[in-house]
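Commentary on secondary and tertiary structure
Chain residues, written in single-letter form:
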Amino acid sequence: MTWIYAELTKEAGKRGGPVALRYFYRGQGVILGAAVTGASVAGTVLYSKWSARRAAAESAPESNTGTPAPGHPDA
């Protein structure tokens, strides 16, 4: 436990004191949290677009662009 306290004291000295050290680590937490949240939202959006395209492609009927034969009801 003494070693951890010594490391924190040394780090606080580099940052300008215990309050500055606390705000430094809180700031990093906010940045990391925002990055993780942004990546998860982007992944969800991409997945929903991909699944919607896949569902539309599976439910689309086969299209026939040819002309109907003579005598066919659609002719």
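So, a few notes on the structure that sits alongside this text.

About the thresholds
Numbering of residues starts from 1 in each chain and follows the order in which that chain's sequence is written. Local features in this predicted model are restricted to residues whose pLDDT is 70 or higher, and side-chain atom pairs enter the listing and the counts only when it is 80 or higher, whereas totals over whole chains, interfaces and linings include all residues. Computation of side-chain values: all heavy atoms of the structure, hydrogens and water removed. In this text, helices come from DSSP runs of H or I with a minimum length of four residues, and strands from runs of E with a minimum of two, each type numbered from the N-terminal end. When a residue's accessible area, from a 1.4 Å probe over protein chains only, is under 20% of the maximum for its type it is buried; when over 50% it is exposed; and in between it is partly exposed. Calculation of accessible area relied on Shrake-Rupley with a 1.4 Å probe; when residues are assessed, cover is drawn exclusively from the protein chains displayed. What a helix is expected to span follows from its residue count: subtract one and scale by 1.5 Å. Each reported salt bridge corresponds to a side-chain nitrogen of Lys or Arg within 4 Å of a carboxyl oxygen of Asp or Glu. Patches in this entry comprise residues that are over 30% relatively accessible and not in a salt bridge; like charges within 9 Å are linked, as are nonpolar side chains (Val, Leu, Ile, Met, Phe, Trp, Tyr) within 5 Å.

What the chain contains, in helices and strands, is 2 helices and 0 strands. Relative to its full complement of 75 residues, the chain shows a buried share of 5%. Just so you have it, the chain exposes about 6700 Å², and 64% of that area is on carbon and sulfur atoms.

An ideal rise of 1.5 Å per residue puts 20 Å on 14 residues; helix 1 (residues 2-15) measures up with 20 Å between its terminal C-alpha atoms. Just beyond helix 1, the residue with positive phi is Gly16, at close to 110 degrees.

Once that is clear, we can look at the environment of Phe24. Looking at the secondary structure, you find Phe24 in helix 2 (residues 18-59). Spatially, the C-alpha atom of Phe24 lies 9.8 Å from that of Ala12, the residues being 12 residues apart in sequence.

Our next topic: the side chain of Glu11. Of note, Glu11 is situated in helix 1. In this structure Glu11 comes out as buried when scored by relative accessible area, which is 18%.

One pass over the full model with this rule turns up 2 salt bridges. Note that Glu7 is salt-bridged to Lys10, the shortest N-O span being 3.6 Å. A residue pair is termed a helical-turn pair when its members lie 3 or 4 positions apart in one helix, as Glu7 and Lys10 do in helix 1 at 3 residues.

Now for a nonpolar patch on the surface. A cluster of nonpolar side chains, namely Trp3, Ile4 and Leu8, defines an oily patch on the protein surface of about 350 Å² accessible area. Looking at the secondary structure, you find Trp3 in helix 1.

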